[in-house]
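Spelled out, the chains give:
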Amino acid sequence: MSEPKGFTEIEFGGSATYRIVVQGTLDPSYSDRLGGTTITTKEKPDRPPQSTLVGPVRDQAALRGVIEALYDLHLPILEVE
């Protein structure tokens, strides 16, 4: 099977910086539980608040742990970069 044009191999075992946006208010005290990410919350009129988590995550397994923790908190995930 041939690789798509412009394909770049991605290393899944290393650290990367992520930006995750969830709907809802997330207290910064959850930072340790969420991989040490920095948490900020923005509120806009006529829209639900959104919290953004930014920071390095050790590897894909740790990213999965952060996403599962957000799921356990019943926070809809809007974006993962």
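Before reading on, note that the structure itself is shown above.
The shown structure was predicted, so the numbers you read here are calculated from the model rather than taken from an experiment.

### Considering the nonpolar core
- Membership of the largest hydrophobic core comes to 14 residues, with the highest contact counts inside it found for Ile20, Val22, Leu26, Leu34, Leu53 and Leu70.
- At the level of elements, β1 (16-23), β3 (50-57) and α1 (60-72) are the ones that each hand at least two residues to this core.
- The greatest single-element share of this core, amounting to 5 residues, is contributed by α1.
- Each residue touching Leu53, except ones within four places of it in the same chain, is listed here: Tyr18, Arg19, Ile20, Val22, Leu26, Leu34, Thr37, Thr38, Ile39 and Leu70.

### Description of the sheet that holds β1
- Pairing is antiparallel across the open sheet formed by 4 strands, whose spatial order is β2-β3-β1-β4. Each edge of the open sheet is held by one strand with a lone partner, namely β2 (38-42) and β4 (77-80). Geometrically, the sheet is characterised by an average inter-axis angle of 20° between neighbouring strands, direction not taken into account.
- For β1 and β4, the ladder comprises 3 bridges, and the chain directions are antiparallel. Bridge assignment links Val22 to a residue of β4, and that residue is Ile77.
- In the packing of α1 onto the sheet, the strands contacted are β1, β3 and β4, and the crossing angle to β1 comes to about 10°.

### Some details on the pattern of salt bridges
- Following the criterion strictly, the structure yields 4 salt bridges and no others.
- Its salt-bridge partner being Glu79, residue Arg19 comes within 2.9 Å of it at the nearest N-O pair. With Arg19 in strand β1 and Glu79 in strand β4, the pair connects residues that are 60 residues apart, well separated along the chain.
- Judged by its relative accessible area of 31%, Arg19 is partly exposed.
- One salt bridge in this structure joins Glu68 and Arg64, with 2.8 Å as the shortest N-O distance. Linking Glu68 with Arg64, this pair stays in helix α1, spanning 4 residues, or about one helical turn.
- Its relative accessible area of 39% is what places Glu68 among the partly exposed residues.
- Salt bridges sharing partners connect three or more residues here, namely Arg19, Glu79 and Glu81.

Thresholds applied
Residues numbered from 1 in each chain as written. Predicted model: local features only at pLDDT ≥ 70, side-chain atom pairs only at ≥ 80, totals over all residues. Heavy atoms only, no water. Core = buried A, V, L, I, M, F, W, Y, C linked by side-chain atoms within 4.5 Å. Buried < 20%, exposed > 50% of the residue type's maximum accessible area, 1.4 Å probe, protein only. Helix = DSSP H or I, 4+ residues; strand = E, 2+ residues; numbered from the N terminus. Contact = heavy atoms within 4.5 Å. Pairing = 2+ DSSP bridges. Axes fitted to C-alpha atoms, helices over the stretch in contact; angles between N-to-C directions. Salt bridge = Lys/Arg side-chain N within 4 Å of Asp/Glu carboxyl O.

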